[in-house]
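Next come the chains, spelled out residue by residue.
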Amino acid sequence: GKGVKANGPVTIWADPALKGALEALQPEFRKAHRAGWEITWKESGEIDTELSADSAPLVILCTAPLLGKLRVGGVADESSSRTFAGDRLAIVSNQERERAVPSVGDMVLLQIKGLAIGLPTTSVGYYAQQALVSDGAAKTVGEKTNGFASQQAAIDALLSGENDLAIVYASAAAQNP
């Protein structure tokens, strides 16, 4: 296939939110595939705009909506689609906040200056927006929501004090104490 060079590494386009999980898997993957892999980190929105038949990698790790679009477009089929490295969203706060926020729905009760999330073209932003809607917080918190181009940018905005809450993957929150 296009994504594999003769005796070369497997080419992968992956959402940056999966970096920790993929780095943990790399030693095992190398045991089975000596050439390893070459990962290009791309948000799901970038994958969607840059993907063409000529540039398609062997493996694409992305959000469910993009996967659905890839299926409709004939790039991916149901038999090759798998759920990978499920990660939970977490609400994180800066050091100034005295109490943790137990759920997205509880944010409507708080006085916050800003909520950092990824843009809808990022996996973390897509799922954070879904959580806000499903927990009934989108209208109340929506005007205080600030979208960022990456999960790390949202974390940086929280750490700088620009926002006092962020919705990120739990694995990312654990890496940024």
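Residues numbered from 1 in each chain as written. Predicted model: local features only at pLDDT ≥ 70, side-chain atom pairs only at ≥ 80, totals over all residues. Heavy atoms only, no water.

*Asks:* Looking at this model, I keep getting lost on the packing of aromatic side chains. Mind explaining?
*Replies:* How two aromatic rings sit relative to each other is given by the distance of their centres and the angle of their planes. Tallied over the full model, the rule gives one aromatic pair. Look at Y126 and Y127: their rings are 4.9 Å apart centre to centre, the planes differ by 80 degrees, and that puts the pair in the edge-to-face class. According to the relative accessible area criterion, Y126 is partly exposed, its value standing at 27%. Stacked on the ring of W13, the Lys or Arg K42 has its end atom at 4.7 Å from the ring centre. (Phe/Tyr/Trp six-rings, centres within 6.5 Å; stacked < 30°, edge-to-face > 60°. Buried < 20%, exposed > 50% of the residue type's maximum accessible area, 1.4 Å probe, protein only. Lys NZ or Arg CZ within 6 Å of the ring centre and 35° of its normal.)

*Asks:* Could you clarify how one ought to interpret the pattern of salt bridges in this entry?
*Replies:* For side chains bearing opposite charge, pairing can occur when the charged atoms are close. Under the defined criterion, the tally for this structure stands at one salt bridge. Ionic pairing is found between E28 and K31, a salt bridge with its closest N-O pair at 3.1 Å. Note that E28 and K31 are positioned in helix α1 (residues 19–32) at a spacing of three residues, about one turn of the helix. Classification of K31 by relative accessible area gives exposed; the value is 64%. (Salt bridge = Lys/Arg side-chain N within 4 Å of Asp/Glu carboxyl O. Helix = DSSP H or I, 4+ residues; strand = E, 2+ residues; numbered from the N terminus.)

*Asks:* What's the story with the side chain of K42 in this structure? I'm lost.
*Replies:* In this structure, K42 sits in the loop between β2 (37–41) and α2 (44–50). Residues within four places of K42 in sequence aside, it is in contact with W13, A14, D15, P16, I47 and E50. (Contact = heavy atoms within 4.5 Å.)

*Asks:* Whenever I open this one, the sheet that holds strand β6 (residues 145–148) confuses me. Can you help?
*Replies:* Either a parallel or an antiparallel arrangement is found when strands of a sheet pair, and the pairing is made through backbone hydrogen bonds. Across the sheet, four strands lie side by side as β4-β7-β5-β6; this open sheet has mixed pairing. Unpaired on one side and paired on the other, β4 (89–93) and β6 mark the two borders of the sheet. The mean inter-strand angle of the sheet, taken between neighbouring strand axes irrespective of direction, is 30 degrees. Relative to β6, strand β5 (residues 115–118) runs parallel, the two being bridged by four bridges. (Pairing = 2+ DSSP bridges. Axes fitted to C-alpha atoms, helices over the stretch in contact; angles between N-to-C directions.)

*Asks:* Which parts of the structure should I look at to understand the environment of I39?
*Replies:* Its location among the elements puts I39 in strand β2. Not counting residues within four places of it along the chain, the set of residues in contact with I39 comprises I12, A14 and L22.

*Asks:* Explanation requested: helix α4 (residues 123–134) in the structure shown.
*Replies:* An α-helical turn contains 3.6 residues, so a residue and the one three or four places further along point in the same direction. Over its twelve residues, α4 runs 16 Å from end to end, which matches the ideal 16 Å to within 8%, given 1.5 Å per residue. Along α4, the residues classified as buried are S123, V124, G125, A128, A131 and L132. Contact partners of the buried residues in α4: β4, β5, α5 (138–142), β6, α6 (151–159) and β7 (165–169). Among the residues trailing α4, G136 stands out with phi positive, at a value near 75 degrees. (Expected span 1.5 Å × (residues − 1).)

*Asks:* Is there a simple way to explain the nonpolar core in this structure?
*Replies:* Proteins that are soluble and globular tend to have nonpolar side chains buried together. If you look at the biggest cluster of nonpolar residues, it comprises 13 residues, and the most contacted ones within it are V104, M107, L115, L132 and I167. Residue assignment for this core shows that the elements contributing at least two residues are β5, α4 and β7. Beyond its immediate chain neighbours, meaning those up to four positions away, L115 contacts M107, L132, V141, K144, T145, N146, N163, L165, A166 and I167. By size, the runner-up hydrophobic cluster in this structure holds eleven residues, among which are A154, I155, A166 and V168. (Core = buried A, V, L, I, M, F, W, Y, C linked by side-chain atoms within 4.5 Å.)

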